Amino acid sequence: VQLQASGGGLVQAGGSLRLSCEADERTFSYYGMGWFRQAPGKEREFVAAINWSTGSTYYTDSVKGRFTISRDNAKNTVYLQMSSLKPEDTAVYYCAADGRLFRTRLPGPADFSSWGQGTLVTVSS
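Residues numbered from 1 in each chain as written. Predicted model: local features only at pLDDT ≥ 70, side-chain atom pairs only at ≥ 80, totals over all residues. Heavy atoms only, no water.

Colleague: Could you clarify how one ought to interpret the overall build of the protein in this entry?
Modeller: Secondary structure assignment for the protein yields 0 helices and 10 strands. Tracing the protein from N to C terminus, the helices and strands come up as β-β-β-β-β-β-β-β-β-β. Computed over its C-alpha atoms, the radius of gyration of the protein comes to 13 Å, within 12% of the 14 Å expected for a compact globule of 125 residues. On the principal axes, the C-alpha backbone points of the protein span a range of 40 × 30 × 25 Å. Taken across its 125 residues, the protein has 46% of its residues classed as buried. Summed over all atoms, the accessible surface of the protein reaches about 6,400 Å², with 44% contributed by carbon and sulfur. (Helix = DSSP H or I, 4+ residues; strand = E, 2+ residues; numbered from the N terminus. Rg over C-alpha atoms; globule rule 2.2 N^0.38 Å. Buried < 20%, exposed > 50% of the residue type's maximum accessible area, 1.4 Å probe, protein only. Areas by Shrake-Rupley, 256 points an atom, 1.4 Å probe, with all protein chains shown as cover.)

Here it is as structure tokens:
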């Protein structure tokens, strides 16, 4: 499975961007698909995920109310709409698929099997 991420760029604080991640197929073992990010010198962290089947969504606290994850099943594509962006949102954003999602905790990188290339999001102050 190949994942193609796009949509990163430079935006001013308070602005918006939409990231897209298209999968070339959807023969996954698990239903989770989502986004992680990694800032310079920091570990990769979970941002948001969605269950392909149910549409349930998961967010890390720092992006709740500002980011929205959605899916288009017909296009095998997941989107991350990012609004009210802050400088601390600056990072390389990675799309991930074939992920396990849990009710009791947010997923980590180890819960996902397929990864796309990163797309850089830079938020200027």
